[in-house]
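Each chain, written out:
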Amino acid sequence: MMHIIYTSLTGRQGIPSFDKNKDWLKFRIEFFKKYTINSLINQSEHNFLHWISFREKTEEEPLINELREYLKSLNYNFVFTFGFQYPHPKYQTKEFRKEIPERLQRSLDIVKKLYQGQKSIYLTFLDSDDLFHRDAIKEIQSYDFKYKRALCFDKGYIYNTNTKVLAQWNPDTCPPFSTILYPVETFFNAKKHLEYRPGYVSHLTVPRLFNVIKLSGRKYIVGCHGMNSTTTWRHSFRGPMYQNEEEKQNILKDFGIN
């Protein structure tokens, strides 16, 4: 398969202007590099492409260019696109939603340049402040392609990077770490791509639209840093905290945190 990890770094939540949010963008990029990217570099399986999307008209933003050069220096397999984020109606106008097929196609055309003849596409979602266990990619790729199949992690961890406290994360909904398996001809055609997941709103709708296989537990960390929009330390999904320092450090090490 061609395995794509998708991260929307800016744009999904409608931040209106980088001129007024330079501090936010700088913080987010540094967090992304220190935690999310390190967790992916730490993977036991490196056969994947990281597709990172941004708000349109930000190609020349210095902080984004610095991130591009940083990833190049790591010899990291990635691609940047601008102007499309997987839709979340809460943050999009009616006019913007009409533009989604065209915006998606432009981005898919860029990603397709890195396609090398694989027979299927695995698209895994990972937010820019979350992390994967070192064997997460390996486990995803252990499953064969089947039409309308999705792979979803269940339980995980939450890590407060300010206080260095680690706790269990026990959601009662489908977490935002799903992998959707696409036929190649469907994935790279925006119209077919969208028709393959009709009514998709967010990760919460994945179980309704796909045949879901539940993956093994505790293979992701939800990053908590005080600037989260939805995931807070006091969230009801947070479970017991890890009091034993050695046990905590052994867990964090598997996520590239030293």
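Please refer to the structure higher up on the page.
Scope of this entry: the structure provided in the associated data block. (Residues numbered from 1 in each chain as written. Predicted model: local features only at pLDDT ≥ 70, side-chain atom pairs only at ≥ 80, totals over all residues. Heavy atoms only, no water.)

### Side note on the packing of helix H1 (residues 22-41) against helix H2 (residues 62-73)
Threshold: Axis definition: a line fitted to C-alpha atoms, over the contacting stretch in the case of helices. Angles run 0 to 180 degrees between N-to-C directions. Only DSSP runs of H or I covering at least 4 residues are called helices, and only runs of E covering at least 2 are called strands; the numbering of each starts at the N terminus. Any angle that is under 35 degrees is reported as roughly parallel, and any over 145 degrees as roughly antiparallel; angles of 65 to 115 degrees are reported as roughly perpendicular and all others as oblique. A clockwise turn of the near helix away from the far one marks a right-handed crossing, whereas an anticlockwise turn of less than a right angle marks a left-handed crossing. Residue contacts are counted whenever heavy atoms from the two residues lie within 4.5 Å of one another. When residues are sorted by character, Ala, Val, Leu, Ile, Met, Phe, Trp, Tyr, Cys and Pro go into the nonpolar class, Asp, Glu, Lys and Arg into the charged class, and all the rest, Gly among them, into the polar class.
Here H1 crosses H2 at 15°, and the two axes come no closer than 10 Å. Taken together, the axis directions place H1 and H2 in an arrangement best described as roughly parallel. Where H1 crosses over H2, the two elements pack in a sense that is right-handed. Each of Lys22, Leu25, Lys26, Ile29, Phe32, Lys33 and Ile37 in H1 lies in contact with H2, whose residues at this interface are Leu63, Ile64, Leu67, Tyr70 and Leu71. Class assignment of the residues belonging to the contact of H1 with H2 gives a composition of nine nonpolar, no polar and three charged.

### Quick word on H2
In plain terms, the rule: The length a helix should cover is 1.5 Å for every residue beyond the first. Working definition: with a 1.4 Å probe on protein chains only, accessible area under 20% of the residue-type maximum means buried, over 50% means exposed, and in between means partly exposed. By construction, the arc corresponds to the directions joining the helix axis to the C-beta atoms. Here a polar contact is taken to be a pair of N or O atoms separated by no more than 3.5 Å, where protein atoms must pair a possible hydrogen donor with a possible acceptor and residues adjacent in sequence count only if both atoms sit in side chains.
Spanning 12 residues, H2 covers 16 Å between terminal C-alpha atoms, matching the ideal 16 Å at 1.5 Å per step. Of all the positions in H2, only Leu63, Ile64, Leu67, Arg68 and Leu71 are classed as buried. For H2, the angular spread of the buried residues around the axis is 145°, confining them to a single face. Exposed residues lying more than 90 degrees from the buried face of H2 are Glu66 and Ser73. Residues of H2 that are buried in the fold lie against H1, strand E2 (49-54) and strand E3 (78-82). With a side-chain oxygen positioned 3.2 Å from the backbone nitrogen of Leu63, the residue opening H2 is Glu61. Among the residues trailing H2, Asn75 stands out with phi positive, at a value near 60°.

### Here we look at the sheet that holds strand E11 (residues 220-224)
What counts, and what does not: When DSSP finds at least two bridges between two strands, those strands are taken to pair.
Ordered by their spatial adjacency, five strands build an open sheet running E5-E11-E7-E8-E12, and the pairing between neighbours is mixed. Whereas interior strands pair on both sides, the edge strands pair on one side only; in this sheet they are strand E5 (130-132) and strand E12 (238-241). The average angle at which neighbouring strand axes cross in this sheet is 30°, direction not considered. Lying over the sheet, H1 contacts E5, strand E7 (156-160) and E11, oriented at roughly 20° with respect to E5.

### Focus: the sheet that holds strand E1 (residues 2-8)
Backbone hydrogen bonds are what pair the strands of a sheet, in a parallel or an antiparallel way. Read across the sheet, seven strands follow the order E3-E2-E1-E4-E9-E6-E10 without closing on themselves; strand pairing throughout is mixed. The sheet is open, and its two borders are formed by E3 and strand E10 (211-214), each paired with just one other strand. Ignoring which end each strand starts from, the neighbouring axes of this sheet average 25° apart. Sheet topology places E2 next to E3; five bridges connect them, and they run parallel. Opposite Trp51, over in E3, you have Val79 as the bridge partner. Docked against the sheet, helix H4 (residues 100-112) engages E1, E2 and E3, running at close to 160° with respect to E3.

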